[in-house]
Amino acid sequence: MASLAAVARAAAAMACLAVASIHAHAQTDAQLTQYWAMPTYYSPGLVGNSDYIRITAASRMQWVGIPKAPKAFLAMADSPFKLFGKRVGAGVVIMQQSEGLYSTLNAALQAAWKKKLLKGELSIGVQLGLMSQSFRGSEAYIPDDDDYHESNDDGIPRTDINGNAIDFAAGVAYTHRLFWASLSANHISAPTITMKDDSEQEKQYEFATSRIYYFMAGGNIPVKNTLFEVQPSLLLKTDGNIFTGEATARLRYNKFLSGGLGYRWNDAVSLMIGAELKNFFLGYCYDYPISQVAKASSGSHEVFLRYNIKLNLGDKNRNKHKSIRIM
């Protein structure tokens, strides 16, 4: 059975991504610099951890200037609600990412159980989803003078192939008025996706997905006697072989304007700005690479838009919130 590892290397070479192969391997999940704004993508434990229905859309163009560099689009929504008198959370997340000749589509449902603990809330969440991957073998091309691959390599499909697998994730989180933290595991079963081509040989290819662990934390610290809030955050991730992390420091003014800086270990520094108006939050981020990618790319761009709908989950008048249809 042929392995898609050879395909990945070929696609990376054709896409001029060989200098960043370590990152290509690690991007089964989308890489988001504004992770603090989309925490439920990384952890189902953070689903419904506010008093809002949150609807978010985001787009990321990574390593602009490199052909076939990763591009990702995300859509997600989550909400708290009461079930048998207990507070729970539910959510949905969809992610589509293209990288070289590969593309990945993840769609998942999320649920979280919650319990008040000390002055905060403990939340345990699970996620069930479908992962779909495809490879555009019809576009694969390797020149004859390539020193690393043979143009007639049987390990590289010549037709478009795709496959699907069931995917699981779980996370635990703690939310407090001043801070939040979460530990989660994505792709718990490390699913292997089998892809078959439609040629006469009916070749079969496999792509093994690595289990990925995340730790996230953030704070919301009011500056005394001012309208400012300091909002630090941290994201650590590993698949057991590769470890990376990033830290962010943001300053929010009058619950309206915000800005900050970020650093991703040995990869990029980031500048981000945001604005909140009524129930909308618009954020933009620019990453400047500090790795070898800088020789070929001018950087990465990321934007997200979130819409919040306030809910009243108190025992009194808990149903007297505005209808989604008329807001």
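Now for a look at the structure at hand. (Residues numbered from 1 in each chain as written. Predicted model: local features only at pLDDT ≥ 70, side-chain atom pairs only at ≥ 80, totals over all residues. Heavy atoms only, no water.)

1. Comments concerning the overall build of the chain
Okay, step 1: When its secondary structure is counted, the chain shows two helices and 18 strands.
Okay, step 2: Out of the 327 residues in the chain, the part that is buried amounts to 46%.
Okay, step 3: Looking at the chain alone, contacts between residues at least 24 apart form 56% of all its contacts between residues at least 6 apart. (Helix = DSSP H or I, 4+ residues; strand = E, 2+ residues; numbered from the N terminus. Buried < 20%, exposed > 50% of the residue type's maximum accessible area, 1.4 Å probe, protein only. Contact = heavy atoms within 4.5 Å.)

2. Observations concerning the pattern of salt bridges
Okay, step 1: Throughout the structure, instances matching the rule amount to twelve salt bridges.
Okay, step 2: As a salt-bridge pair, Asp287 and Arg60 come within 2.9 Å of each other at their nearest N and O atoms. Highlighted residues: Asp287 in strand β17 (residues 280-289) and Arg60 in strand β2 (residues 52-64), separated in sequence by 227 residues.
Okay, step 3: Overall, Arg60 belongs to the buried group, its relative accessible area being 3%.
Okay, step 4: Put simply, Arg60, Glu246, Arg264, Asp267, Asp287 and Glu302 are held in one network by salt bridges that share partners. (Salt bridge = Lys/Arg side-chain N within 4 Å of Asp/Glu carboxyl O.)

3. Concerning the packing of aromatic side chains
Okay, step 1: Per the counting criterion, the structure on display carries eleven aromatic pairs.
Okay, step 2: Seen from their ring centres, Phe228 and Tyr253 are 5.0 Å apart, and the 50 degrees between their planes marks the pair as tilted. Taken together, the residues span a long stretch of sequence, with Phe228 in strand β13 (residues 228-238) and Tyr253 in strand β14 (residues 243-253) at a distance of 25 residues.
Okay, step 3: Residue classification places Tyr253 among the partly exposed residues on the basis of a relative accessible area of 35%.
Okay, step 4: The cationic tip of Arg250 hangs over the ring face of Trp36; the distance from NZ or CZ to the ring centre is 3.7 Å.
Okay, step 5: Taking the ring centre of Tyr52 as reference, the NZ or CZ of Lys310 above it sits at 4.9 Å. (Phe/Tyr/Trp six-rings, centres within 6.5 Å; stacked < 30°, edge-to-face > 60°. Lys NZ or Arg CZ within 6 Å of the ring centre and 35° of its normal.)

4. Examining the pairing of strand β4 (residues 86-99)
Consecutive side chains of a regular strand alternate in pointing toward one face of the sheet and then the other.
Okay, step 1: Note that strand β3 (residues 71-83) and β4 share 13 bridges and pair antiparallel. Paired with Leu83 across the bridge in β4 is Lys86.
Okay, step 2: Hairpin connection from β3 to β4: two residues lie between these consecutive antiparallel strands, with Phe84 at a positive phi of about 55 degrees.
Okay, step 3: In this structure, β4 lies alongside strand β5 (residues 102-117), joined through twelve bridges in antiparallel fashion. Bridge pairing in β5 links Val92 to Leu109. (Pairing = 2+ DSSP bridges.)

5. Quick word on the side chain of Gln34
Okay, step 1: Assignment of secondary structure puts Gln34 in the loop between α2 (21-26) and β2.
Okay, step 2: Reaching out from Gln34, the side chain makes a polar contact with the backbone nitrogen of Tyr284 at a distance of 3.4 Å.
Okay, step 3: Those residues in contact with Gln34 that sit more than four places away from it in its chain are Gly283, Tyr284, Cys285, Glu302, Val303 and Phe304. (Polar contact = N/O pair within 3.5 Å; in protein donor to acceptor, adjacent residues only side chain to side chain.)

6. Regarding a nonpolar patch on the surface
Okay, step 1: Together, Ile221, Val223, Leu227, Phe228, Val230, Leu251, Tyr253, Phe256, Leu257 and Leu277 make up a nonpolar patch on the protein surface, roughly 830 Å² of accessible area in all.
Okay, step 2: By the element assignment, Leu251 lies in strand β14.
Okay, step 3: For Leu251, a relative accessible area of 40% gives the class partly exposed. (Patch = residues over 30% accessible without salt bridge, like charges linked within 9 Å, V, L, I, M, F, W, Y side chains within 5 Å. Areas by Shrake-Rupley, 256 points an atom, 1.4 Å probe, with all protein chains shown as cover.)

7. Examining the environment of Leu101
Okay, step 1: Within the secondary structure, Leu101 is located in the loop between β4 and β5.
Okay, step 2: With a relative accessible area of 5%, Leu101 lands in the buried category.
Okay, step 3: Residues Leu101 and Phe135 lie 34 residues apart in sequence; the distance between their C-alpha atoms is 5.5 Å.

8. Remarks on the environment of Ala107
Okay, step 1: Along the chain, Ala107 falls in strand β5.
Okay, step 2: Owing to a relative accessible area of 34%, Ala107 belongs among the partly exposed residues under this scheme.
Okay, step 3: In the structure, Ala107 is positioned 59 residues away from Ile166 in sequence and 10.0 Å away in space, judged by C-alpha atoms.

9. Points about unusual backbone geometry
Okay, step 1: If you check the backbone angles, Trp63 has positive phi at about 55 degrees while not being a glycine.
Okay, step 2: Structurally, the position occupied by Trp63 is in strand β2.
Okay, step 3: In this structure Trp63 comes out as buried when scored by relative accessible area, which is 4%.
Okay, step 4: In the Ramachandran plot, Asn266 falls in the positive-phi region, its phi being about 55 degrees despite a non-glycine side chain.
Okay, step 5: Secondary-structure assignment places Asn266 in the loop between β15 (257-264) and β16 (268-277).

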